[in-house]
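A look at the structure
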Amino acid sequence: MNNPTARLPAKLHRRVCLVLTEDAVLAEELLARKKLASEVAGRLSEKVLLIRPGRLDAVLDELRKMGHTPQVVGK
Amino acid sequence: MPATPEIDWSARCRDALARYAEPLLRLVADKLVRPRAKQPIDELLDKAVAVLINAPVIDRRIKDQPPASRKLLAFMGISRQPRWKVGHLLTLLSALDHNEGFNPVQTLLEAGILFPELDPHNPDIEDFAAWFGLAGTHNAVVFTHPGIATRARGEDLGLPNLAHEELGGLTPPARQSDGLEWPLRLAAVWQQVHADSMRLTQGNTLFKRDLLRLQSDPVLAAPPIDQIAPIADAGVLALLWARGVGLLGDRDGTLEAGTFPSTWDGPLFALLAELFASLPVVESWDPLAGYSPTENGLSPTPTAGLLALLLARDFVHTDAVAEWLWSHHPSWAGVIPPDVTDKGAGWVRGYLLGVAYPLGLVEVSGEHVRLSAFGRYLLLGDAEPPAPPAFPQTLLVQPNAEVLAYRQGLTPALIAALSRFAAWKGIGPACTLELTPEQTYRGLESGLTLPMIVQTLNRHGTRPVPAGVVDLLQRWASKRERITIFSSAVLVEFQTPAELDIAVSRGVVALRLTDRIGMTADGGEPSLSHLRLVGNRDYESKPQRCLVTADDGVTLTVDTPQADLLLEAEIGQFAEALPIDQNGVRKFRLTPVSLRRAIESGRPLTDIDAWFTERSGSPLSAAGRLLLLGAQMPPPRAVRLLVVKLPTADIADGVVQWPGTRMFVAERLGPLAISVDEEQFAAFRDALKELGVNVVG
């Protein structure tokens with residue numbers, strides 16, 4: 001990237017459902033919950049979980065059952 | 001969920017007229033607009049709408065109608081509800097001894113001052129009688145422009161004066177309610193549904209679980225503080241009423257809490273007027289029976305209730321109202337249980353004293369009841385009474401996070417605000433609410449911020465919110481920050497970590513999700529002026545083939561433009577990432593460890609095969625199978641074989657097929673090669689020799 005104004009080649013992924021946790025331990029805690037883990041398509045990084053398409057409500061229900069109060073952005 | 005938008009009645013009337021077939025539209029326009037010449041349809045529609053809001057012309061058109069039609073419009077005006085089921089309107093007329101059937105409705109439809117509510121899937125209207133049949137006869141819905149209904153309110157309905165003679169025109173001291181009971185209960189039921197939405201059955205009725213929940217709820221099932229007459233299933237009435245007034249919405253057969261309509265920001269009387277106007281849509285409830293969905297969809301409650309109120313113009317005994325309804329209302333007597341011998345007096349007491357009195361519509365003196373000043377303003381068009389005095393400081397937040405709300409200072413706006421972040425625990429002279437983590441969370445989710453919550457409590461508090469409670473709210477609010485869910489984010493994937501760094505420095509993305517993937521702070525669309533798009537994937541669409549297996553069977557190359565995030569997340573379960581090459585091409589390698597990890601994480605071979613088929617077009621490669629299954633198979637054997645190579649594939653086929661040689665062939669090794677046991681080779685050679693084929697070597 002020698003040219004400081006050059007456009008960056010990038011791919012957009014739209015309509016992605018993600019869970020961002022405060023720390024990696026919390027992400028582990030969520031993945032240890034069997035019902036929740038089955039809704040997680042993968043772990044993008046230590047603190048970022050990728051949710052299967054169309055499973056947002058199930059994830060929210062389960063998080064609330066666990067006593068969490070997730071902040072939902074864009075619902 | 002957005003608030004219910006204000007209805008543009010003029011546009012709605014125009015839309016209805018636009019659905020008339022041209023001959024019918026011209027027939028209606030002839031009576032409404034009375035054009036002098038034939039005009040284009042659009043012009044006719046515009047003129048029709050202009051007439052609807054022209055008061056002097058409308059007055060003349062109403063005056064031209066027959067008495068039954070004028071009374072029908074008057075009922076709509078008095079009720080302040082512009083939408084009615086035809087069956088209810090005919091019931092009201094029937095109670096006034098007008099038994100002309102559909103005619104009064106048809107007359108108004110043809111005059112262009114009443115409109116059919118149309119199903120968008122139904123064809124345009126050729127004639128009103130056919131529409132009436134198609135739209136469900138008595139369940140068909142008609143509406144009028146509120147401006148027309150208001151002009152028709154003065155019509156004399158011919159109702160008798162049932163005023164009690166013993167009172168001799170005296171005005172005895174009467175009890176009046178503060179009008180807050182139903183707004184409070186509707187807010188409480190809104191909160192219940194907000195916490196846990198209610199599914200409806202296919203017949204649009206409540207499930208037993210929800211019915212029991214409403215019947216046993218300590219707030220909703222408790223009697224009002226100023227109860228004069230009990231009513232059944234007050235919680236169900238609150239639910240149905242909240243739905244009718246737009247506090248609750250119906251989405252795919254589920255009742256969900258909407259936002260508080262703008263009326264809740266205004267004065268109390270405006271809200272009470274709206275609640276009164278929505279009473280005619282509360283059908284499946286009855287003061288005696290409580291929740292009572294009807295099979296034909298027509299309950300006598302809306303019509304009998306409205307007539308009962310109109311009969312209470314002056315102080316009347318509830319028995320007298322019941323007697324009149326018993327002898328005049330065509331269907332009401334049918335809902336009075338046969339073992340009740342009071343001719344519906346209990347029903348009338350329940351409606352007037354249990355519903356209308358807490359709403360502030362009537363005042364009560366002993367056994368007598370009459371419209372209050374507010375009721376007379378609503379139903380008879382008298383002057384609006386003065387608003388109740390305001391007491392802005394009415395809350396007391398206690399150190400245990402309970403909130404006392406002194407009733408005299410409550411306003412619709414404050415009730416709505418409190419309902420969003422504090423749980424109603426009791427409705428009485430001093431209402432009690434509780435600040436809880438769940439309710440604080442719901443408040444924050446509805447768009448409130450912590451400062452807004454504290455500010456509301458302070459602004460209306462008789463003293464500042466205790467510091468301990470502010471800390472508590474702060475702790476609950478910060479707990480919400482621990483997990484953030486982006487329901488529909490746009491992720492930007494760069495080819496290298498360095499490019500992500502540049503994108504962050506340019507402000508294209510704010511959050512780093514992985515070493516190459518970033519996102520804006522709110523998960524929204526990034527500025528595309530800094531990006532050159534090499535791919536665009538929709539996460540919710542079907543996964544595409546985006547993986548190529550190399551000839552070695554273990555190296556997987558990602559087709560970057562086609563790849564999606566699921567691939568990124570899933571491929572790590574099967575393969576190890578290789579360093580990204582100079583062109584930014586991502587590669588992975590299958591290893592015994594990586595494949596075993598997939599099996600150990602609960603993905604059987606069939607699953608892995610299905611994934612590879614979906615992503616690369618073929619199941620797991622042979623090399624991959626070797627890595628995965630090789631160790632589990634019986635051990636390979638090393639054996640000596642005598643290989644016979646034949647000159648052509650046909651000859652090899654013949655040797656395998658002909659019974660004379662077939663018995664000696666141990667295995668076909670290839671198109672031209674077979675193996676033969678060493679001990680049987682001599683016999684094999686002899687058999688071929690008989691055919692003149694000599695095996696050399």
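What you see is a predicted model, and the numbers here were worked out from it, not measured in a lab.

A few words on the nonpolar core. In this structure, W182, L186, W241, L309, L435 and L457 of chain B are the most contacted members of the largest nonpolar core, which totals 160 residues. Those residues in contact with L435 of chain B that lie beyond four places of it in its chain are V397, A401, V403, F421, A422, L457, V469, L473 and W476 of chain B.

So, about the pattern of salt bridges. Residue and element names in this part refer to chain B. Counting across every chain of the model gives 40 salt bridges over all chains. R213 serves as the salt-bridge partner of D196, at 3.6 Å between the closest nitrogen and oxygen. A residue pair is termed long-range when its members are at least 10 positions apart, and D196 in the loop between α10 (181-195) and β4 (198-199) and R213 in helix α11 (residues 208-216) qualify at 17 residues. The partly exposed category is assigned to D196, whose relative accessible area is 34%. Through salt bridges with shared partners, one network takes in D178, E181, R185 and R407.

This next bit is on the sheet that holds strand β9 (residues 316-317) of chain B. Residue and element names in this part refer to chain B. Ordered by their spatial adjacency, three strands build an open sheet running β9-β11-β10, and the pairing between neighbours is antiparallel. A single partner strand is all that each edge strand has here, and the edge strands are β9 and β10 (362-365). Two strands pair when backbone bridges link them, and β10 and strand β11 (residues 368-371) are joined in this way by four bridges, in the antiparallel orientation. If you follow E363 over to β11, its bridge partner there is R370.

What follows is about the packing of helix α5 (residues 67-79) of chain B against helix α7 (residues 103-111) of chain B. Residues and elements named next belong to chain B. At a closest axis distance of 8 Å, the pairing of α5 and α7 adopts a crossing angle of 80°. In terms of their interaxial angle, α5 and α7 are classed as roughly perpendicular. Between α5 and α7, the contacting residues are A68, S69, L72 and L73 on the first element and P104, V105, T107 and L108 on the second. Within the contact of α5 with α7, the residues separate by chemical class into six nonpolar, two polar and no charged.

This brings us to the domain arrangement of chain B. Residue and element names in this part refer to chain B. Domain assignment breaks chain B into domain 1 (9-151), domain 2 (178-380), domain 3 (395-474), domain 4 (491-530), domain 5 (547-632) and domain 6 (642-690). Distance between the C-alpha centres of domain 4 and domain 5: 27 Å. If you look at the interface, domain 4 gives five residues, while domain 5 gives four residues. Here domain 4 and domain 5 share an interface that buries about 470 Å² over both sides, 62% of which is from carbon and sulfur atoms. Its largest share of buried area at the contact with domain 5, domain 4 owes to E493, Q495 and R516, together 67% of the area lost on that side. Along the contact surface separating domain 4 from domain 5 lie zero salt bridges. The tally of links between domain 4 and domain 5 comes to zero residue pairs in polar contact (both at pLDDT 80 or more). Grouping the constituent residues of the side of domain 4 that touches domain 5 by class yields two nonpolar, one polar and two charged.

Residues and elements named next belong to chain B. The three strands lie next to each other as β24-β26-β25, forming an open sheet whose pairing is antiparallel. In the strand order of this sheet, the two ends are held by β24 (642-645) and β25 (665-668), each with one partner. Here the strands of the sheet are splayed against their neighbours by 35° on average, with no regard to which way each runs. The pairing of β25 with strand β26 (residues 673-676) spans three bridges and is classified as antiparallel. The partner of R668 across the bridge, within β26, is I674.

Reading guide: rules and limits
Residues numbered from 1 in each chain as written. Chains lettered and ligands numbered in written order. Predicted model: local features only at pLDDT ≥ 70, side-chain atom pairs only at ≥ 80, totals over all residues. Heavy atoms only, no water. Core = buried A, V, L, I, M, F, W, Y, C linked by side-chain atoms within 4.5 Å. Buried < 20%, exposed > 50% of the residue type's maximum accessible area, 1.4 Å probe, protein only. Contact = heavy atoms within 4.5 Å. Salt bridge = Lys/Arg side-chain N within 4 Å of Asp/Glu carboxyl O. Helix = DSSP H or I, 4+ residues; strand = E, 2+ residues; numbered from the N terminus. Pairing = 2+ DSSP bridges. Axes fitted to C-alpha atoms, helices over the stretch in contact; angles between N-to-C directions. Parallel < 35°, antiparallel > 145°, perpendicular 65-115°, else oblique. Nonpolar A, V, L, I, M, F, W, Y, C, P; charged D, E, K, R; others polar. Domains from an automatic or database assignment. Buried area = accessible area lost by both parts, 1.4 Å probe. Polar contact = N/O pair within 3.5 Å; in protein donor to acceptor, adjacent residues only side chain to side chain.

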